[in-house]
Amino acid sequence: MLDTTLDITLIQSNLQPIVTKILNQKRISEKEGLLLYSNAPLPLLGVLANTIREKKNGNKTYFNKNIHIEPTNICVFDCKFCSYSRLLSKKEEAWEYTIDQMVDQLKSYKDKGITEVHIVGGVHPKMGLHYFIELIKKIKIIRPDIHVKAFTAVELEYMCRKAKVSYKEGLQLLKEAGQDSLPGGGAEIFDNKIRKQICEDKCSTKQWLEI
């Protein structure tokens, strides 16, 4: 096993009190957290995180067991870096699953102990908010216990815009259908200048963060 003990005397003076608090399992302030983020070397952060993890859970690591369902690779957006998506003009290289086909994908894992289904894909112009509400409802009928993590903020921005609802309303409808969480995809780079160069046509930094 790795030796993760810390010699406090080797840590820069402005970080020593914060590290001591963490090792004593005392909550640090937002200001102290930002100071660590800005100034602490990455190995130190790793040791601190692991120390707390082991105090809480022992020498154990927990995983979920999930499957990915990708409804389509057809996408209305044209991100410069993406090799995954296909425009409607290239449908010979594309796929789009029906709701029943996606539900069947989950059913095929019936005896595999799956705890989560992760749903992300291209932003298809005809797969809207209510389409995915129906998909989630059908998933929850056959697996009411499964955690549904679905749709990046990019997908959600387009869904809500097409359905003419606010982000809050759209998310509430999905939550009521059974969606449990969102993945973090679609962020890429938040710098507006760079984002304009690589993915100008999809949701902005502000919209992504708001969602």
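Residues numbered from 1 in each chain as written. Predicted model: local features only at pLDDT ≥ 70, side-chain atom pairs only at ≥ 80, totals over all residues. Heavy atoms only, no water.

## Digging into the packing of aromatic side chains
The line we're drawing: A pair of aromatic rings is counted whenever rings of Phe, Tyr or Trp (Trp by its six-membered ring) have centres within 6.5 Å, and the orientation is called stacked for planes under 30 degrees apart, edge-to-face for over 60 and tilted otherwise. In this text, helices come from DSSP runs of H or I with a minimum length of four residues, and strands from runs of E with a minimum of two, each type numbered from the N-terminal end. Only protein chains enter the area calculation, which uses a 1.4 Å probe; residues under 20% of their type maximum are buried, those over 50% are exposed, and those in between are partly exposed.
For the structure on display, the rule yields five aromatic pairs. For the pair Phe 77 and Tyr 158, a centre-to-centre distance of 6.0 Å together with 85° between the ring planes defines the contact as edge-to-face. Here the residue Phe 77 occupies a position in the loop between β1 (66-69) and α4 (99-107), and Tyr 158 occupies one in helix α6 (residues 153-163), the gap between them amounting to 81 residues. Each of the two residues, Phe 77 as well as Tyr 158, counts as buried. A network of ring pairs unites the aromatic residues Tyr 131, Phe 132 and Phe 151 as a single cluster.

## Concerning empty space enclosed by the protein
If a probe as big as a water molecule is rolled over the atoms, it shows which places are left empty. For clarity, the cut-off: Using a grid of 1 Å spacing that covers the protein atoms alone, one calls a set of points a cavity when a 1.4 Å probe fits there but cannot get out, and a pocket when the set is open and has protein on both sides within 12 Å along at least five of seven lines; lining residues are those with an atom within 4 Å of a point. Grid points are joined across faces, edges and corners, and a volume is the space filled by probe spheres set on the points. Each residue receives one of three labels: charged for Asp, Glu, Lys and Arg, nonpolar for Ala, Val, Leu, Ile, Met, Phe, Trp, Tyr, Cys and Pro, and polar for the others, Gly being one of them.
Per the stated rule, a full pass over the model turns up one cavity of 30 Å³ or more. Considered as a void within the structure, the largest cavity measures approximately 60 Å³ in volume. Looking at the largest cavity, the residues that line it are Gly 122, Val 123, His 124, Met 127, Phe 132, Glu 155, Tyr 158 and Met 159. Element by element, the count of residues in the lining of the largest cavity is highest for α6, at three residues. Here the residues of the lining of the largest cavity are counted per class, giving five nonpolar, two polar and one charged.

## What about the sheet that holds strand β3 (residues 147-150)?
Using the following cut-off: A pair of strands is considered paired only if DSSP assigns at least 2 bridges between the two. To obtain an axis, a line is fitted to C-alpha atoms, over the contacting stretch when the element is a helix, and the angle between two such axes runs from 0 to 180 degrees between their N-to-C directions.
Strand order in the open sheet made by the three strands is β1-β2-β3, with parallel pairing throughout. Here the strands that pair on one side only, and so sit at the sheet edges, are β1 and β3. Strand-to-strand twist in this sheet, taken as the mean axis angle between neighbours without regard to direction, amounts to 20°. In the sheet, β1 pairs with strand β2 (residues 116-119) via four bridges, with the strands oriented parallel. Note on β2: the bridge partner recorded for Ile 69 is Ile 119.

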